[in-house]
Amino acid sequence: RAGRSAKAVLAIRLYIVAILISYVDLAGDVLVTLTLLQSETSKQSGYVTMGLTGFAQVVQATISLAMGQGGVAAFTALIGAKPLLDTYNVLSDRPLTRGSKSDHEVAFIATRAEEIALQSLPQGFYQCLVLLQ
């Protein structure tokens, strides 16, 4: 019983970390976008930053559908909550989307790779370029 309780506490902590990472990153992108849009000289960079974020969300939703994860996964990708859904599904005994435990682990890995390749790296490089101008 104590082992199960410890596992639940660990799962909650990991889920909280996933929430913080996902939404701090997304909030940072939104704040950078808003700051750039308010500047007359950097307005175009704001639109590019917004486009990079939106593009990443749409591609992640499309990949979720292509992997057979369903509408819930696609919707959560569009609102920036896909990492949270995947983390929950991996840690939970009752996942929110269909599939086996290994399916959820693959989705979790794919989502992390997509976030790095489609959002984190492009945003980071582009924001560095904007700062260097």
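Treat the numbers as computed from the prediction; the structure is a model and nothing was measured. (Residues numbered from 1 in each chain as written. Predicted model: local features only at pLDDT ≥ 70, side-chain atom pairs only at ≥ 80, totals over all residues. Heavy atoms only, no water.)

**Student:** Quick one: what's the story with the overall build of the protein, residue by residue and with numbers?
**Tutor:** Counting its secondary structure elements, the protein contains 5 helices and 0 strands. Its helices and strands in sequence order give the protein the pattern α-α-α-α-α, from N to C terminus. Of all 133 residues assigned to the protein, the portion counted as buried reaches 35%. The long-range fraction of contacts in the protein, counting pairs at least 24 apart against all pairs at least 6 apart in sequence, stands at 53%. Here the protein has roughly 8,300 Å² of accessible surface; of this, 70% comes from carbon and sulfur atoms. Treating the 10 positive side-chain charges of the protein as one cloud and the 9 negative ones as another, the clouds have centres 12 Å apart. (Helix = DSSP H or I, 4+ residues; strand = E, 2+ residues; numbered from the N terminus. Buried < 20%, exposed > 50% of the residue type's maximum accessible area, 1.4 Å probe, protein only. Contact = heavy atoms within 4.5 Å. Areas by Shrake-Rupley, 256 points an atom, 1.4 Å probe, with all protein chains shown as cover. Lys, Arg positive; Asp, Glu negative; His and termini not counted. Charge placed at Lys NZ, Arg CZ, Asp CG, Glu CD.)

**Student:** Outline the packing of helix H2 (residues 43–66) against helix H3 (residues 71–78), supporting the account with residue identities and numerical values.
**Tutor:** Axis separation between H2 and H3 bottoms out at 8 Å; the angle between their running directions is 170°. Between H2 and H3, the angle is such that the two are roughly antiparallel. Along the contact surface, H2 presents Gln57, Val58, Gln60, Ala61, Ser64 and Leu65, while H3 presents Gly71, Ala73, Ala74, Ala77 and Leu78. Looking at the contact of H2 with H3, its residues break down into 7 nonpolar, 4 polar and no charged. (Axes fitted to C-alpha atoms, helices over the stretch in contact; angles between N-to-C directions. Parallel < 35°, antiparallel > 145°, perpendicular 65-115°, else oblique. Nonpolar A, V, L, I, M, F, W, Y, C, P; charged D, E, K, R; others polar.)

**Student:** Describe the pattern of salt bridges, and please don't skip the residues or the numbers.
**Tutor:** Two side chains of opposite charge can pair, provided their charged atoms sit close to one another. Scanning all chains against the criterion turns up 2 salt bridges. Between Glu40 and Lys43 there is a salt bridge; the shortest N-O distance is 4.0 Å. Here Glu40 falls in the exposed class, since its relative accessible area comes to 66%. Residue Asp86 pairs with Lys82 through a salt bridge whose shortest N-O separation is 2.8 Å. Separated by 4 residues within a single helix, Asp86 and Lys82 lie in helix H4 (residues 82–91), roughly one turn from each other. By relative accessible area, Asp86 is classed as buried at 3%. Residue classification places Lys82 among the buried positions, given a relative accessible area of 1%. (Salt bridge = Lys/Arg side-chain N within 4 Å of Asp/Glu carboxyl O.)

**Student:** Any chance you could break down a nonpolar patch on the surface for me, citing the residues and the numbers?
**Tutor:** Taken together, the side chains of Ile12, Ile16, Leu20 and Val24 present a nonpolar region at the surface, about 390 Å² in accessible area. Within the element layout of this structure, Ile12 appears in helix H1 (residues 2–38). The class for Ile12 is exposed, based on a relative accessible area of 51%. (Patch = residues over 30% accessible without salt bridge, like charges linked within 9 Å, V, L, I, M, F, W, Y side chains within 5 Å.)

**Student:** Provide a residue-level description of H3, including the pertinent values.
**Tutor:** Residues of H3 that are buried include every one of Ala73, Ala74, Thr76 and Ala77, and no others. Down the axis of H3, the smallest arc covering the buried residues is 165°, so these residues share one side. Among the exposed residues of H3, those pointing more than 90 degrees away from its buried face are Gly71 and Phe75. Those residues of H3 that are buried are in contact with H2 and H4. Positioned one or two residues after H3, Gly80 has a phi angle of 80°, which is positive. (Arc of directions from axis to C-beta.)

**Student:** Can you lay out the side chain of Lys82 for me, pointing to particular residues and giving the numbers?
**Tutor:** A polar contact of 2.8 Å, which involves the side chain of Lys82, links it to the side chain of Asp86. In this structure Lys82 touches Gln60, Ser64, Gln69, Ala73, Thr76, Ala77, Ala107 and Thr111, once residues within four positions along its chain are discounted. (Polar contact = N/O pair within 3.5 Å; in protein donor to acceptor, adjacent residues only side chain to side chain.)

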